[in-house]
Amino acid sequence: MRFASLGSGSRGNALIVDAGETKLLVDCGFSARVATARLARLAAAPEDLTAILVTHEHSDHVAGVFALARRHQLTVYLTHGTYVEAARGKSALPACRVIDGHASFAIGSLEVLPFPVPHDAREPVQYAFNNGQHCLGVLTDTGSITPHIVDMLHACDALVLECNHDRALLAASRYPAVLKERVGGRYGHLENAQAAALLGQVETRRLQHLVAAHLSQENNRPELATRALASALGCSEDWIGVADQEDGFGWRQIM
Ligand SMILES: [Zn+2]
Ligand SMILES: [Zn+2]
C-alpha cells in the first residue's frame, strides 16, 4: 500500500491511497481540472480511481468532488450529514453510498474504517485503511482528540496527522477573535501540541511514515510542526514529513 497527497491546507485537500487494484481518493478540495493535473504529477489519473471518500462538507474538502465524480463516473462514499450539506445546489452524483460513520466496509482489497471526529461540520468523519497487512491512519479537521480517535489510530504503520496551528501564533495572529475561537476550539482544528500529545496515546512502534498535514499558512510553520511531533516520538525532525498546500507530498510506500 502507498499513499500521496495532491495538496493539503485550508485552500484544498486531497489524498490518494493506492492498494494496487484499489485506488481511493480521500476528499477533493480542488477543481476537477487542478485535481487531474496534480494526479498527473503522481503518474495517476482520475480514471484510475476506484472511488472518492469524503470526510466532510467544507469546501477545502469537497470543492471538486461532484465534478470529478460526474466526469469520471466515480462512486462517492460519505455520511448522510455530509451528503445533505455537500449536495446543496449541486447536480446529482453518478453513484453515491451513504456510510455509517462507525462501521467499517470494504472497497476492493481495502478495508475502510471511518470514525467520527469533533469538527464544526454536519457529520464529519476521518478514515483508517487496512489492506490486511498494514494500516494507514488519516486525521485532519478535528478540534480535539477523543478516546475513539485514539482507538482507531492505534498501532498504525503510517499516519497523516493534522498540525493546523501553533497556539501562540494563532493567539498573536490578525484573525478576528471569533475565528481564533473557532479554529482553536473543541470543534475546530488540531494544534501542534495536541497532535504531539496524540502520539503519546497510541502505539507508534510500527510507524513507518508520519506526515504533518493541514498546516495553516498564517498560524503555523513547518519547522514548528515537525519539532513538536519529533519530540513526542523521540526521532529526528527530518524524519517527519510535511504536506504542502501546493505540492502535497509524493508517494510513500508502506512495507
Ligand atoms: Zn479542512
Ligand atoms: Zn473542515
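The notes below deal with the structure included here. All of these numbers come straight from a predicted model, not from anything done at the bench.

1. Focus: the coordination of the zinc ion (ligand 2)
Coordination sphere of the zinc ion (ligand 2), protein contribution only: His 56 (NE2), His 58 (ND1), His 119 (NE2) and Asp 141 (OD), at 2.1 to 2.5 Å. The sequence pattern describing where the donors of the zinc ion (ligand 2) fall on their chain is H-x1-H-x60-H-x21-D. In this model, the zinc ion (ligand 2) sits 3.6 Å from the zinc ion (ligand 1), the two metals being bridged by Asp 141. For His 56, a relative accessible area of 0% corresponds to the buried category.

2. Quick notes on the pattern of salt bridges
Taken as a whole and judged by the stated rule, the model has 12 salt bridges. The partner of Arg 88 in a salt bridge is Glu 85, with the nearest N and O atoms 3.0 Å apart. The exposure class assigned to Arg 88 is exposed, which follows from its relative accessible area of 54%. Exposure remark for Glu 85: the relative accessible area of 23% places this residue in the partly exposed category. For Arg 167, the salt bridge is made with Glu 191, and the minimal N-O distance between the two is 2.7 Å. One end of the pair, Arg 167, is in helix α6 (residues 167-172); the other, Glu 191, is in the loop between α7 (177-184) and α8 (192-199), and 24 residues separate them in sequence. Beyond isolated ion pairs, a larger network of salt bridges with shared partners links Arg 2, Asp 18 and Lys 23.

3. Considerations on the coordination of the zinc ion (ligand 1)
The zinc ion (ligand 1) binds to the protein through Asp 60 (OD), His 61 (NE2), Asp 141 (OD) and His 214 (NE2), with metal-donor distances spanning 2.1 to 2.2 Å. Angles of 93 to 162° at the metal separate the 4 donor atoms of the zinc ion (ligand 1), which places the site in the irregular class. Counting the intervening residues between successive donors of the zinc ion (ligand 1) yields the motif D-H-x79-D-x72-H.

4. Some thoughts on the layout of surface pockets
Take a probe with the size of a water molecule and roll it over the atoms, and the empty space left behind shows itself. Considering only enclosed or pocket space, the largest pocket measures out at about 240 Å³ in volume. In this structure, the largest pocket is lined by 19 residues; those nearest its centre are Ser 10, Asn 164, Tyr 175, His 189 and His 214. Here the lining of the largest pocket is composed, by residue class, of 3 nonpolar, 11 polar and 5 charged. In this structure, the second largest pocket occupies an estimated 160 Å³ of space. Taken together, Ser 8, Leu 215, Ser 216, Gln 217, Asn 220, Arg 221, Pro 222, Val 242, Ala 243, Asp 244 and Gln 245 make up the lining of the second largest pocket.

Reading the values: the criteria
- Sequence positions are assigned chain by chain, starting from 1 and proceeding in written order.
- For naming, the first written chain is A and the first written ligand is 1, with later ones following in the order written.
- Reporting of local features is limited, given that this is a predicted model, to residues whose pLDDT is at least 70; pairs of side-chain atoms are given and counted only at 80 or more, and all residues count toward the totals for whole chains, interfaces and linings.
- Computation of side-chain values covers all heavy atoms of the structure but excludes hydrogens and water.
- In this analysis a donor is any N, O or S atom within 2.8 Å of a metal ion (3.2 Å for sodium, potassium and calcium), and since water is not included, sites may seem incomplete.
- Burial here depends on accessible area, computed with a 1.4 Å probe over protein chains only, as a share of the maximum for the residue type. Under 20% is buried, over 50% is exposed, and the range in between is partly exposed.
- A side-chain nitrogen of Lys or Arg and a carboxyl oxygen of Asp or Glu constitute a salt bridge if their distance falls within 4 Å.
- By definition, any uninterrupted DSSP run of H or I lasting at least four residues is a helix, any uninterrupted run of E lasting at least two residues is a strand, and each is numbered from the N terminus.
- Irregular is the label for any site that misses the other tests, which are tetrahedral for four donors with all angles between 85 and 135 degrees, and square planar for four donors or octahedral for six when opposite donors exceed 155 degrees and the remaining angles lie between 65 and 115.
- Here the term cavity refers to a set of points on a 1 Å grid, laid over the protein atoms alone, in which a 1.4 Å probe fits but cannot get out; the term pocket refers to an open set having protein on both sides within 12 Å along at least five of seven lines, with lining residues being those that place an atom within 4 Å of a point.
- Grid points are joined across faces, edges and corners, and a volume is the space filled by probe spheres set on the points.
- All amino acids are sorted into three groups, where Ala, Val, Leu, Ile, Met, Phe, Trp, Tyr, Cys and Pro are nonpolar, Asp, Glu, Lys and Arg are charged, and the leftover types, Gly among them, are polar.

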